[in-house]
Amino acid sequence: MAATPSDREQLETRLKGFAGIAAGPPEIARDVVEAATIRHWCDALGDRNPIYTDPVAAAASVHGRVVAPPTMLQAWVLPGIEMASGVARPGDKQRELHALLDRHGYTGVVATNCQQGYDRYLHLGERVTGTTVIESISGEKATALGIGYFIDTRTTFRDDDGERVGWMTFRVLKFKPATPPVASERDAAGAPVEPRRLRPALGHDNAWWWEGIRRGELLIQRCKSCGHLRHPPRPMCGECRSLEWDALSSKGHGSVYSFVVMHHPQVPGYEYPLIVALVELDEGTRLIANLTGIEPRAVRIGLRVALAIEAVDPELSLPFFHPDTTAPG
Ligand code: ZN
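A short tour of the structure in this document, coming up. This is a predicted model, so every value here is computed, not measured.

## Describing the overall build of the protein
In terms of regular secondary structure, the protein is built from 5 helices and 14 strands. Counting only C-alpha atoms and orienting by the principal axes, one finds that the protein spans roughly 65 × 60 × 40 Å. Each of the 329 residues in the protein was classed as buried or not, and the buried ones make up 32%. Of the accessible surface of the protein, which amounts to about 19,100 Å², a share of 54% is contributed by carbon and sulfur atoms. In the protein, 36 positive and 40 negative side-chain charges are present, and the distance between their average locations comes to 1 Å.

## Topic: the nonpolar core
One finds Trp209, Leu291 and Phe321 to be the most contacted residues of the largest nonpolar core, which totals 25 residues. Of all the elements in the fold, those that place two or more residues in this core are helix H5 (207–215), strand E7 (219–223), strand E11 (274–281), strand E12 (286–291) and strand E14 (316–323). Excluding residues that lie within four positions of it along the chain, Phe321 makes contacts with Leu218, Gly252, Val279, Leu281, Leu287, Ala289, Asn290, Leu291, Thr292, Val305, Ala306 and Leu307. If you look at the next biggest cluster of nonpolar residues, it comprises 17 residues, including Val33, Cys42, Ile51 and Val67.

## Regarding empty space enclosed by the protein
Evaluated as defined, the whole model comprises 2 cavities of 30 Å³ or more. Roughly 50 Å³ of volume is contained in the largest cavity. Along the walls of the largest cavity sit Ala68, Pro69, Pro70, Leu73, Trp76, Tyr118, Arg120, Tyr121, Leu122 and Val165, which together make up its complete lining. Here the residues of the lining of the largest cavity are counted per class, giving 9 nonpolar, no polar and 1 charged. Estimates place the volume of the second largest cavity at around 30 Å³. In this structure, the second largest cavity is lined by Leu218, Leu219, Ile220, His231, Leu281, Thr285, Arg286 and Leu287. Elements with a minimum of two residues in the lining of the second largest cavity: E7 and E12. Looking at the lining of the second largest cavity residue by residue, the class counts come to 5 nonpolar, 2 polar and 1 charged.

## Comments concerning the layout of surface pockets
To find leftover empty space, one rolls a probe the size of a water molecule over the atoms. The calculated volume of the largest pocket comes to roughly 970 Å³. Lining the largest pocket we find 34 residues, and of these Leu198, Arg199, Pro200, Trp210 and Tyr270 sit closest to its centre. Elements supplying a minimum of two residues to the lining of the largest pocket: H5, E11, E12 and E14. For the lining of the largest pocket, a count of residues per class yields 27 nonpolar, 4 polar and 3 charged. In this structure, the second largest pocket encloses a volume near 840 Å³. Lining the second largest pocket are 29 residues, and of these Glu27, Met83, Asp92, Gln94 and Arg95 sit closest to its centre. Broken down by secondary-structure element, the contributors of at least two residues to the lining of the second largest pocket are helix H4 (93–103), strand E2 (108–118), strand E5 (146–158) and strand E6 (164–175). Ranked by residue count, the leading element in the lining of the second largest pocket is H4, at 5 residues.

## Quick notes on the coordination of the zinc ion
Every protein donor of the zinc ion is listed here as Cys223 (SG), Cys226 (SG), Cys237 (SG) and Cys240 (SG), and their distances to the metal cover 2.3 Å. Around the zinc ion sit 4 donor atoms; with metal-centred angles ranging over 103 to 114 degrees, the donor geometry is tetrahedral. We note that the donor set of the zinc ion lies within a single chain, spaced as C-x2-C-x10-C-x2-C. A residue pair is termed long-range when its members are at least 10 positions apart, and Cys223 in strand E7 and Cys237 in the loop between strand E8 (229–230) and strand E9 (245–249) qualify at 14 residues.

## Describing helix H2 (residues 35–45)
Where H2 begins, one side-chain oxygen reaches toward the backbone nitrogen of Ala36, 3.3 Å away; that side chain belongs to Glu34. One or two positions beyond H2, positive phi appears at Gly46, with a value near 70 degrees.

## Some points on the environment of His263
Along the polypeptide, His263 turns up in the loop between strand E10 (253–262) and E11. The exposure class of His263 is partly exposed, given its relative accessible area of 44%. Separated by 10 residues in the primary sequence, His263 and Pro273 have C-alpha atoms spaced 4.9 Å apart. Not counting chain neighbours up to four residues away, the residues in contact with His263 comprise Tyr272 and Pro273.

## Some points on the packing of aromatic side chains
A full pass over the atoms with the stated rule returns 3 aromatic pairs. Relative to Trp210, the ring of Trp209 has its centre 5.1 Å away and its plane inclined at 85 degrees; by these criteria the two rings are edge-to-face. Like Trp210, Trp209 is buried. Taking NZ or CZ as reference, Arg154 lies 5.1 Å from the ring centre of Trp167, over its face. Arg171 extends its terminal NZ or CZ atom over the ring of Phe150, reaching a point 5.9 Å from the ring centre.

## Some words on the sheet that holds strand E13 (residues 304–313)
Ordered in space as E10-E11-E12-E14-E13, the 5 strands form a closed barrel in which the pairing is mixed. Across the sheet, the mean angle separating the axes of adjacent strands is 45 degrees when strand polarity is ignored. Here E13 pairs with E14 via 8 bridges, running antiparallel. Residue Asp313 lies in a different strand from E14, and its bridge partner there is Leu316. Sheet contacts for H5: E12, E13 and E14; angle to E14, the most-contacted strand, approximately 70 degrees.

The rules behind each value
- Residues numbered from 1 in each chain as written.
- Predicted model: local features only at pLDDT ≥ 70, side-chain atom pairs only at ≥ 80, totals over all residues.
- Heavy atoms only, no water.
- Helix = DSSP H or I, 4+ residues; strand = E, 2+ residues; numbered from the N terminus.
- Buried < 20%, exposed > 50% of the residue type's maximum accessible area, 1.4 Å probe, protein only.
- Areas by Shrake-Rupley, 256 points an atom, 1.4 Å probe, with all protein chains shown as cover.
- Lys, Arg positive; Asp, Glu negative; His and termini not counted.
- Charge placed at Lys NZ, Arg CZ, Asp CG, Glu CD.
- Core = buried A, V, L, I, M, F, W, Y, C linked by side-chain atoms within 4.5 Å.
- Contact = heavy atoms within 4.5 Å.
- 1 Å grid on protein atoms, 1.4 Å probe; cavity = no way out; pocket = protein on both sides within 12 Å on 5 of 7 lines; lining within 4 Å.
- Points joined across faces, edges and corners; volume = space filled by probe spheres on them.
- Nonpolar A, V, L, I, M, F, W, Y, C, P; charged D, E, K, R; others polar.
- Donors = N, O, S within 2.8 Å, 3.2 Å for Na, K, Ca; no water.
- Tetrahedral: all angles 85-135°; square planar, octahedral: opposite > 155°, others 65-115°.
- Polar contact = N/O pair within 3.5 Å; in protein donor to acceptor, adjacent residues only side chain to side chain.
- Phe/Tyr/Trp six-rings, centres within 6.5 Å; stacked < 30°, edge-to-face > 60°.
- Lys NZ or Arg CZ within 6 Å of the ring centre and 35° of its normal.
- Pairing = 2+ DSSP bridges.
- Axes fitted to C-alpha atoms, helices over the stretch in contact; angles between N-to-C directions.

So this is what it looks like as structure tokens:
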């Protein structure tokens, strides 16, 4: 349903009222900077720098003691599971802003940019407080995901003495999904429309790849200068920065490099549990695809898989992989 200009003007006037105000009350870290959380973070990211976890090595470093990884800055003030509770904190203007856009049909949300800056390292025992300001809301923009508004926020992180230790800017797009995957949709005759898979966001840099899939071909982008293979498609070679490229056609064999089995959240149009695999193609690059024809509990890293490009609806074909019965274990 298209908004009339006056609807949109009214909305934009209300949106302007959010620019420059506090996004909510200060977020005070639930816990002080402490060793266990740092260790979990380093484990998860595979960061082996001993200045974060080894007091002896840290003492011998320029820091003289254990410091927290700077990129943990926001992690200290996150409210944990409360974030998913749906219960707004008093004065949560950011949630109010999102709810306003939701009511006008801009129900999609995607994070598009994040920057952080660090004034100094944090030490064990310090407690961080974050204060966030809604800096700006853009005019309505057309994007590959749908029309929407960009919301910029800036968070300032301070120590116990109120000194700034770092900052973060964050941009989200609140958008009207181009094809809402809702089960309640009805066609012109009033019959329920089968929910469909999300559409890929097509653009100059990737339309050729999806065209290949439509033809039944899995293409791999190849740098013309150094021969490096890359996926997903993008304009520049990450190895040599060349903009010259061509593509080769994959033979469609590979192995499972990693995978997850998704149970929740269940998006309409998909069957669950959904196996999402990172497949290492024999040609030497990886791509993410769904694995079919196998029980989730039987999937193993290293499993040999073969490609099958299938139409999931009349407009969309996708590459799927299934166990490769022609190859040894
Ligand atoms: Zn290259």
